[in-house]
Amino acid sequence: MNWDDTTDATPDTERLVGSVADREDQAVEAALRPKDLGEFIGQEKVREQLDLVLRAALARGATADHVLLSGAPGLGKTTLSMIIAAEMGAPIRITSGPAIQHAGDLAAILSSLQEGEVLFLDEIHRMSRPAEEMLYMAMEDYRVDVIVGKGPGATAIPLELPPFTLVGATTRAGLLPPPLRDRFGFTAHMEFYEPAELERVIHRSANLLDVEIDPQGAAEIAGRSRGTPRIANRLLRRVRDYAQVKADGHINRDIAGAALRVYEVDGRGLDRLDRAVLEALLKLFGGGPVGLSTLAVAVGEERETVEEVAEPFLVREGLLARTPRGRVATPAAWTHLGLTAPQQTRGTSGQQDLFGA
């Protein structure tokens, strides 16, 4: 229901519980996206604040303030950008930071904008520095200086721009330089979804996909969706396939559970890679601490894959901790895999308690 279009090829796109959209996700999401704030599920505070910003702009007959949306992939940043354009009755132009490598690339886009148009810039933190500096003036003064010529004979030609609304999206807000961040009139952080919200997302998507699902089946899928609507909808599609082949097409708790066992997604949303990391940490290294490179070798994956794909969710779930000495399993990790922790790992920090307690 609420997701982002992210096209970068990463190991995450190959996982059923990956939060980065592949081509199939993008095609389905286009059909399932809500068209206005009233249809958008979750992110209550962001929706309320954004509604005020847009209504006030419409009442003034002005373009909306520039908007910065931050948060993990799959939470609805692209969807909200499209809703902003729809609510303002304006067209939308979509591009991404990695696609803008030179100031001239940005100048070409900005100079072709219509008055009031919404420019959605995904992964804005990955834009080149020269383009970023050009964007400062465009956002604040609706003007850019186009450099003609080279060397001492170069001339800056000012180019006036029509008022527009920039919607920037980023998964790493900390990488945005303060001068750029300060030029956004409205900044919102997208939070992970609660299971009850994901159940609503699943029911809505099931209705649009003409899939029969009962509340228990939706709850089973929601509980394994890692707080992300994109993952919830991907799991729904795979469970739908299973139900059509192995059952009568109706999804209940048993069918959903059986389907997700086939796809190796457990009750907390961990997949094969997540469990491999935990099992190596617990069974081979006694719960840690162990270095990242050693852990990656143990599971047969690249260091970056373990660090950027598996670890964030394990840390967020309280199953793994990053310490100065290395990665450490928490007591919850031992419990989740049905193992008994050695005495020295039973403390809350994963290290032996003082005085042997």
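Here, residues in each chain are numbered from 1, in the same order as that chain's written sequence. The predicted nature of this model means local features are confined to residues of pLDDT at least 70 and side-chain atom pairs, given and counted, to a pLDDT of 80 or more, with totals for whole chains, interfaces and linings taken over all residues. The side-chain figures draw on all heavy atoms in the structure; neither hydrogens nor water molecules are used.

How would you explain the overall build of the chain if you had to name every residue and give the values?
Runs of H or I in DSSP of at least four residues are treated as helices and runs of E of at least two as strands, each being numbered from the N terminus. The helix and strand tally for the chain stands at 14 helices and nine strands. When a residue's accessible area, from a 1.4 Å probe over protein chains only, is under 20% of the maximum for its type it is buried; when over 50% it is exposed; and in between it is partly exposed. Looking at the chain as a whole, 50% of its 357 residues are labelled buried. Here the contacts in the chain between residues at least 6 apart in sequence split such that 69% fall between residues at least 24 apart. As displayed, the chain offers around 16,400 Å² of accessible surface, 51% of which is attributable to carbon and sulfur atoms. Between two residues, a contact is recorded if the distance between any of their heavy atoms is within 4.5 Å. Only the protein chains shown count as covering a residue, and every accessible area follows the Shrake-Rupley method with a 1.4 Å probe.

Report on helix H2 (residues 44-60), specifying residues and quantitative values.
One less than the number of residues in a helix, times 1.5 Å, gives the span that helix is expected to have. For H2, with 17 residues, the first-to-last C-alpha span of 25 Å sits near the 24 Å given by 1.5 Å per residue. Buried residues of H2: Val 46, Arg 47, Leu 50, Val 53, Leu 54 and Ala 57, and no others. With its buried residues spanning 130° around the axis, H2 presents them on a single face. Opposite the buried face of H2, at more than 90 degrees from it, the exposed residues are Lys 45, Leu 52, Arg 55, Ala 59 and Arg 60. Buried residues in H2 make contact with strand S1 (67-70), helix H3 (77-88) and strand S7 (186-189). Positive phi shows up at Gly 61, right after H2, with a value of about 70°. For this quantity, the arc is that covered by the directions from the helix axis to the C-beta atoms.

Break down the sheet that holds S7 for me, citing the residues and quoting the values.
Two strands are counted as paired when DSSP detects at least two bridges linking them. With parallel pairing, five strands are arranged side by side in an open sheet as S2-S3-S6-S1-S7. Two strands in the sheet have a free side with no partner beyond their single neighbour: strand S2 (92-96) and S7. Taken pair by pair, the neighbouring strands of this sheet meet at an average axis angle of 15°, ignoring direction. As paired strands, S1 and S7 are joined by four bridges and run parallel to one another. Each bridged residue has a counterpart across the sheet, and for Leu 69 the counterpart in S7 is Ala 188. Sheet contacts for H3: S1, S2, strand S3 (118-122) and strand S6 (165-170); angle to S3, the most-contacted strand, approximately 175°. To define axes, lines are fitted to C-alpha atoms, for helices over the stretch in contact only, and angles between the resulting N-to-C directions are given on a 0 to 180 degree scale.

Account for the nonpolar core, with residues named and values stated.
Nine residue types can take part in a nonpolar core, namely buried Ala, Val, Leu, Ile, Met, Phe, Trp, Tyr and Cys, and a core is a set of them joined through side-chain atoms within 4.5 Å. The biggest cluster of nonpolar side chains holds 51 residues, and the ones touching the most others in it are Leu 50, Leu 80, Ile 202, Ile 213, Ile 221 and Ile 251. Setting aside residues no more than four positions away along its own chain, Ile 202 makes contact with Ile 213, Ala 218, Ile 221, Ala 222, Ala 232 and Leu 236.

So, the pattern of salt bridges: which residues are in play, and what are the values?
The term salt bridge refers to a side-chain nitrogen of Lys or Arg lying within 4 Å of a carboxyl oxygen of Asp or Glu. Taken as a whole, this structure holds 16 salt bridges when the rule is applied. The salt bridge involving Arg 224 is made with Glu 220; its shortest N-O contact spans 2.5 Å. With respect to class, Arg 224 is no different from Glu 220; both count as buried. Arg 275 is paired through a salt bridge with Asp 266; the nearest N and O atoms lie 3.6 Å apart. Considered together, Arg 275 and Asp 266 belong to a single accessibility category, that of buried residues. Linked through salt bridges whose partners overlap, the residues forming this network are Glu 220, Arg 224 and Arg 253.

Hey, could you go over H3 for me, with residue numbers and the actual values?
For H3, with 12 residues, the first-to-last C-alpha span of 17 Å sits near the 16 Å given by 1.5 Å per residue. Among the residues making up H3, those that are buried are Lys 77, Thr 78, Thr 79, Leu 80, Ser 81, Ile 83, Ile 84, Ala 85 and Met 88. Count one or two residues on from H3 and you reach Gly 89, which has phi positive near 65°.

I'd like a rundown of the packing of helix H9 (residues 229-246) against helix H10 (residues 253-262), residues and numbers included.
Look at H9 against H10: their axes get within 9 Å of each other, and the N-to-C directions meet at 105°. Considering their axes alone, H9 and H10 lie roughly perpendicular with respect to each other. Along its contact with H9, which presents Leu 235, Val 239, Tyr 242 and Ala 243, the element H10 presents Ile 255, Ala 256, Ala 258, Ala 259, Leu 260 and Val 262. A per-class count over the contact of H9 with H10 returns 10 nonpolar, no polar and no charged. Any angle that falls under 35 degrees is termed roughly parallel, while one over 145 is termed roughly antiparallel, one within 65 to 115 roughly perpendicular, and all others oblique. Classification convention: Asp, Glu, Lys, Arg as charged; Ala, Val, Leu, Ile, Met, Phe, Trp, Tyr, Cys, Pro as nonpolar; all other residues, Gly among them, as polar.

Which residues make up the packing of aromatic side chains, and what values do they have?
Only centres within 6.5 Å qualify two rings of Phe, Tyr or Trp (six-membered ring in Trp) as a pair; their planes then separate them into stacked at under 30 degrees, edge-to-face at over 60, and tilted for everything else. Evaluation of the coordinates by the stated rule reveals one aromatic pair. Ring geometry for Tyr 142 against Phe 164: centres 5.6 Å apart, planes inclined by 80°, an arrangement best described as edge-to-face. Highlighted residues: Tyr 142 in the loop between helix H5 (129-141) and strand S4 (143-148) and Phe 164 in the loop between strand S5 (155-160) and S6, separated in sequence by 22 residues. What makes Tyr 142 partly exposed here is its relative accessible area of 22%. Here, a charge over a ring means that NZ of Lys or CZ of Arg falls within 6 Å of the ring centre while also lying within 35 degrees of the ring normal. Cation over ring: Arg 226 sits above Phe 313, and NZ or CZ is 3.7 Å from the ring centre. The cationic tip of Arg 316 hangs over the ring face of Phe 192; the distance from NZ or CZ to the ring centre is 3.5 Å.

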